[in-house]
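Report on the structure
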Amino acid sequence: MTDYGHDLKFGTFVTPSAQGAQHAIDVAVASDRAGLDLVTFQDHPYQAAFLDTSTLLAFVAARTERVHVSANVASLPLRPPAVLARAAASLDILSGGRFELGLGAGAFWDGIAAMGGRRLTPGQGVDALREAIAIIRDLWDVDASGRVSHHGRYYDVAGAKRGPRPAHDIGIWIGSYQPRMLALTGELGDGWLPTLEYLPRGVASLADHNARIDEAAVAAGRSPADVRRLLNVMRVGLSPVSRGLLEGPVEQWVDQLATLALEHGVTAVLIGGDDPVLAERYGAEIAPAVRELVATERAPGRLRRGEPVEAGRAG
């Protein structure tokens with residue numbers, strides 16, 4: 001049982017289809033209108049059928065008012081970290097502090113190489129991501145003295161000026177699945193952002209992966225609670241009968257989302273499906289009910305779900 005105590009966030013994971021560009025915008029606007037916290041977009045710069053995600057994020061930020069926007073997750077090998085840092089800070093300023101940085105080490109290397117990116121092994125990708133995070137945070141740190149220089153194996157920054165200062169503390173949420181990436185997430189990340197369908201055992205993988213992140217966080221002198229646990233769930237739908245996780249009636253969604261928060265530490269769930277109607281119901285109907293249920297379960301003195309009776313009474 002793991003509950004890191006974070007506030008709950010709800011959002012959408014949108015396909016940036018070029019052919020359905022207006023539909024992607026409609027889902028984002030519906031997410032904002034429904035009171036969701038996040039709207040995020042896949043980032044595959046080598047995919048000709050997709051819009052450029054950075055351009056889409058800027059457009060959506062201008063069309064919405066309160067929802068936070070993020071790539072889910074940005075492909076680092078095709079987005080140099082110093083440039084990415086300035087772009088992120090710029091959009092955060094322009095949107096009034098509504099940008100978050102989802103970041104990945106890279107995948108689909110044939111496509112990356114075809115676009116002029118450097119082909120790396122998975123281990124090299126982890127090392128490059130570590131360098132990139134340091135550069136990004138240094139560029140954002142306008143209170144530090146001097147210019148930013150970083151002479152690493154993968155990136156070379158020589159005397160870059162710091163800034164601009166982001167409008168808020170941008171969270172770096174890392175898409176990770178393998179042990180080294182999970183350790184890096186615990187050591188350096190503000191959030192862990194996997195996709196449920198890519199986890200080898202689905203929800204059952206969360207305990208082991210959370211433990212790896214927790215261990216790395218503690219080893220780095222951090223608290224496990226410093227790392228928010230987010231989760232993409234692609235296959236979702238409302239239906240009168242249960243068909244699985246987030247596939248069923250509203251009441252089932254509410255119970256399952258509360259369970260993810262209280263027993264697995266997942267306090268931000270981003271749904272796929274590209275359905276503006278579902279996004280509306282997720283924000284207006286489901287999210288408030290989950291918040292109420294989790295607040296009740298977290299109330300002092302209450303026996304938490306999954307907690308041994310003896311331990312609950314003792315607490």
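Given the structure is predicted, the values throughout are model-derived calculations rather than measurements. (Residues numbered from 1 in each chain as written. Predicted model: local features only at pLDDT ≥ 70, side-chain atom pairs only at ≥ 80, totals over all residues. Heavy atoms only, no water.)

Summing up its helical and strand segments, the protein chain has 10 helices and 13 strands in all. Whereas a compact globule of 315 residues would reach a radius of gyration of roughly 20 Å, the protein chain reaches 20 Å, a difference of no more than 12%. Over its C-alpha atoms, taken along the principal directions, the protein chain stretches across nearly 60 × 45 × 35 Å. Summing over all exposed atoms, the protein chain offers an accessible surface of approximately 13800 Å²; the carbon and sulfur share of this is 53%. Each charge class in the protein chain can be summarised by its mean position, and for the 31 positive and 37 negative side chains these summaries are 3 Å apart. (Helix = DSSP H or I, 4+ residues; strand = E, 2+ residues; numbered from the N terminus. Rg over C-alpha atoms; globule rule 2.2 N^0.38 Å. Areas by Shrake-Rupley, 256 points an atom, 1.4 Å probe, with all protein chains shown as cover. Lys, Arg positive; Asp, Glu negative; His and termini not counted. Charge placed at Lys NZ, Arg CZ, Asp CG, Glu CD.)

When the UniProt feature table is mapped onto this chain numbering, "domain: Luciferase-like" (unreviewed entry) sits at residues 16-233. In the segment residues 16-233, helix accounts for 40% and strand for 16%; the C-alpha atoms at its two ends are 16 Å apart. (UniProt positions renumbered as here; feature names shortened; annotations may be inferred.)

What the rule picks out here adds up to four aromatic pairs. Between Tyr 46 and Phe 108, the ring centres sit 6.0 Å apart and the planes meet at 45°, which makes this aromatic pair tilted. In this pair, Tyr 46 sits in the loop between strand 2 (38-41) and helix 2 (53-63) while Phe 108 sits in the loop between strand 5 (101-104) and helix 4 (109-114), placing the two residues 62 residues apart along the sequence. Overall, Tyr 46 belongs to the partly exposed group, its relative accessible area being 21%. Given the relative accessible area of 53%, Phe 108 is considered exposed. Taken together, Phe 10, Trp 253 and Tyr 282 form an aromatic cluster joined through their ring pairs. The positively charged end of Arg 229 is found above the aromatic ring belonging to Tyr 4, 4.1 Å away from the centroid. (Phe/Tyr/Trp six-rings, centres within 6.5 Å; stacked < 30°, edge-to-face > 60°. Buried < 20%, exposed > 50% of the residue type's maximum accessible area, 1.4 Å probe, protein only. Lys NZ or Arg CZ within 6 Å of the ring centre and 35° of its normal.)

It is the contact of helix 1 (residues 21-33) with helix 9 (residues 276-298), at a shortest axis distance of 8 Å, that shows an interaxial angle of 15°. In terms of orientation, helix 1 and helix 9 fall into the roughly parallel class. The handedness of the crossing between helix 1 and helix 9 is right-handed. Across from His 23, Asp 26, Val 27, Ala 30, Ser 31 and Arg 33 in helix 1, the residues of helix 9 making contact are Pro 276, Ala 279 and Glu 280. Among the residues forming the contact of helix 1 with helix 9, the class breakdown is four nonpolar, two polar and three charged. (Axes fitted to C-alpha atoms, helices over the stretch in contact; angles between N-to-C directions. Parallel < 35°, antiparallel > 145°, perpendicular 65-115°, else oblique. Left-handed = near helix turned anticlockwise from the far one by under 90°. Contact = heavy atoms within 4.5 Å. Nonpolar A, V, L, I, M, F, W, Y, C, P; charged D, E, K, R; others polar.)

Here the focus is the packing of helix 8 (residues 250-264) against helix 9. Contact geometry for helix 8 and helix 9: axes closest at 9 Å, N-to-C directions at 50°. Relative to helix 9, the element helix 8 lies oblique. The chirality of how helix 8 crosses helix 9 is right-handed. On helix 9, the residues touching Val 250, Trp 253, Val 254, Asp 255, Leu 257, Ala 258, Ala 261 and Leu 262 of helix 8 are Leu 278, Arg 281, Tyr 282, Glu 285, Ile 286, Ala 289, Val 290, Leu 293, Val 294, Glu 297 and Arg 298. A breakdown of the residues in the contact of helix 8 with helix 9 according to their chemical character gives 14 nonpolar, no polar and five charged.

Each strand in a sheet pairs with its neighbour through backbone hydrogen bonds, running either in the same direction (parallel) or in the opposite one (antiparallel). Spatial strand order, 3-2-1-13-10-9-8-5-4: nine strands in an open sheet with parallel pairing. In the strand order of this sheet, the two ends are held by strand 3 (68-71) and strand 4 (74-75), each with one partner. As judged from the two bridges shared by strand 4 and strand 5, these two strands associate in the parallel manner. Its bridge partner being in strand 5, Ala 74 is matched across the sheet by Leu 103. Contacting strand 5 and strand 8 (172-174), helix 5 (residues 122-140) crosses the sheet at an angle of about 170° to strand 8. (Pairing = 2+ DSSP bridges.)

Mapped onto the elements of the fold, His 168 is located in the loop between strand 7 (156-160) and strand 8. In this structure, the C-alpha to C-alpha distance between His 168 and Pro 179, residues 11 residues apart in sequence, is 30 Å. Filtering out sequence-adjacent residues up to four positions away, His 168 remains in contact with His 68, Asp 92, Gly 97, Phe 99 and Glu 100. A distance of 2.8 Å separates a polar atom in the side chain of His 168 from a polar atom in the side chain of Asp 92. (Polar contact = N/O pair within 3.5 Å; in protein donor to acceptor, adjacent residues only side chain to side chain.)

A few words on the pattern of salt bridges. This model, assessed by the stated rule, comprises 15 salt bridges. Here Asp 3 makes a salt bridge to Arg 298, at a shortest N to O gap of 2.9 Å. Highlighted residues: Asp 3 in the segment before strand 1 (9-14) and Arg 298 in helix 9, separated in sequence by 295 residues. Taking the relative accessible area as the measure of exposure, Asp 3 reaches 23% and is therefore partly exposed. Judged by relative accessible area, which is 24%, Arg 298 ranks as partly exposed. A network of salt bridges, in which partner residues are shared, links Asp 7, Lys 9 and Arg 228. (Salt bridge = Lys/Arg side-chain N within 4 Å of Asp/Glu carboxyl O.)

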